[in-house]
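Observations on chain architecture
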Amino acid sequence: MRAVVQRVDGASVAVDGRVVGEIVGEGLCVLVGVTHDDTPERCAQLARKLWSLRILQDEKSCSDVGAPLLVISQFTLYGDARKGRRPTWNAAAPGPVAEPLVDEVVAQLRALGARVETGVFGADMKVSLTNNGPFTVLLEI
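Quick caveat: nothing in here was measured; it's all calculated off a predicted structure.

Some points on helix α1 (residues 40–52)
Over its 13 residues, α1 runs 18 Å from end to end, which matches the ideal 18 Å to within 8%, given 1.5 Å per residue. C43, A44, L46, A47, L50 and W51 are the residues of α1 that are buried. For α1, the angular spread of the buried residues around the axis is 165°, confining them to a single face. Its buried side turned inward, α1 meets β1 (2–15), β2 (18–33), α2 (62–65), β3 (69–73), α3 (95–112) and β5 (125–140).

Below is the structure:
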């Protein structure tokens, strides 16, 4: 499981011109990619890491300050462009495998007390954000 984590000062995701998820102020925008051997246990690990990662202002975590997270599925995190000019997506889990695992990350975050907004799995999403720093971290669980 991979996640691109961006410290943001506001972020939103829209589908068909309608905002479906939005956080205001300091928080994290998290793009989550799932591969074939990911498990619910890895989802729980990722959720705990995201909730406690000390990358907000003054080295605080979302759990420290109650900052929200915007979590968006992103199969392209497992794209492989080492050969040729067209990436392959062989390492990305198919939708029926990936969707429940992305949902599990969100559920685990909420169980920890996080306020989580989401995109729409498989939709053509438009993500807008203000990267604060800029600060971006790649996590691999």
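A word on the state of the cysteines
Inspection of the entire model under this criterion finds zero disulfides. For C29, which is in no disulfide, the shortest distance to another cysteine sulfur is to C62 and amounts to 11 Å. Here C43 is not cross-linked by a disulfide; its sulfur's nearest cysteine counterpart is in C62, at 18 Å. A relative accessible area of 0% places C43 in the buried class.

Some points on the environment of L138
Its place among the elements puts L138 in strand β5. With relative accessibility at 55%, the residue L138 sits in the exposed group. Between the alpha carbons of L138 and L31 there is a distance of 9.6 Å; along the sequence they are 107 residues apart. Other than its neighbours up to four places away in sequence, L138 contacts A3 and V4.

Side note on the packing of aromatic side chains
Per the stated rule, a full pass over the model turns up one aromatic pair. Relative to W89, the ring of F75 lies with its centre 5.3 Å away and its plane at 75°, an arrangement referred to as edge-to-face. Here F75, found in the loop between β3 and α3, pairs with W89, found in the loop between β3 and α3; they are 14 residues apart in sequence, far enough to count as distant. Note on F75: relative accessible area 48%, which makes it partly exposed.

Here we look at the sheet that holds β1
An order of β4-β3-β2-β1-β5 is seen for the five strands of this open sheet, with the pairing classed as mixed. In this open sheet, the two strands that pair with only one neighbour each are β4 (116–118) and β5. With strand direction ignored, the average angle separating the axes of adjacent strands in the sheet is 30°. As paired strands, β1 and β2 are joined by 13 bridges and run antiparallel to one another. Each residue of the ladder has a partner; that of V13, found in β2, is G21. Across the sheet, α3 touches β2, β3 and β4, and the angle it forms with β4 is around 160°.

A closer look at the pairing of β3
Summarising burial for β3: five of the five residues are buried, a large majority. Burial along β3 is two-sided: L69, V71 and S73 facing one way and L70 and I72 facing the other are all buried. In this structure, β2 lies alongside β3, joined through five bridges in parallel fashion. Counted as the bridge partner of C29 is L70 from β3. Bridging between β3 and β4 involves three bridges; their strand directions are parallel. Residue pairing for β4: V71 is matched across the bridge by T118. Each parallel crossover has a hand, and for β3 linked through α3 to β4 it is right-handed.

Thresholds applied
Residues numbered from 1 in each chain as written. Predicted model: local features only at pLDDT ≥ 70, side-chain atom pairs only at ≥ 80, totals over all residues. Heavy atoms only, no water. Helix = DSSP H or I, 4+ residues; strand = E, 2+ residues; numbered from the N terminus. Expected span 1.5 Å × (residues − 1). Buried < 20%, exposed > 50% of the residue type's maximum accessible area, 1.4 Å probe, protein only. Arc of directions from axis to C-beta. Contact = heavy atoms within 4.5 Å. Disulfide = S-S within 2.5 Å. Phe/Tyr/Trp six-rings, centres within 6.5 Å; stacked < 30°, edge-to-face > 60°. Pairing = 2+ DSSP bridges. Axes fitted to C-alpha atoms, helices over the stretch in contact; angles between N-to-C directions. Right-handed = clockwise from strand over helix to strand, strands pointing away.

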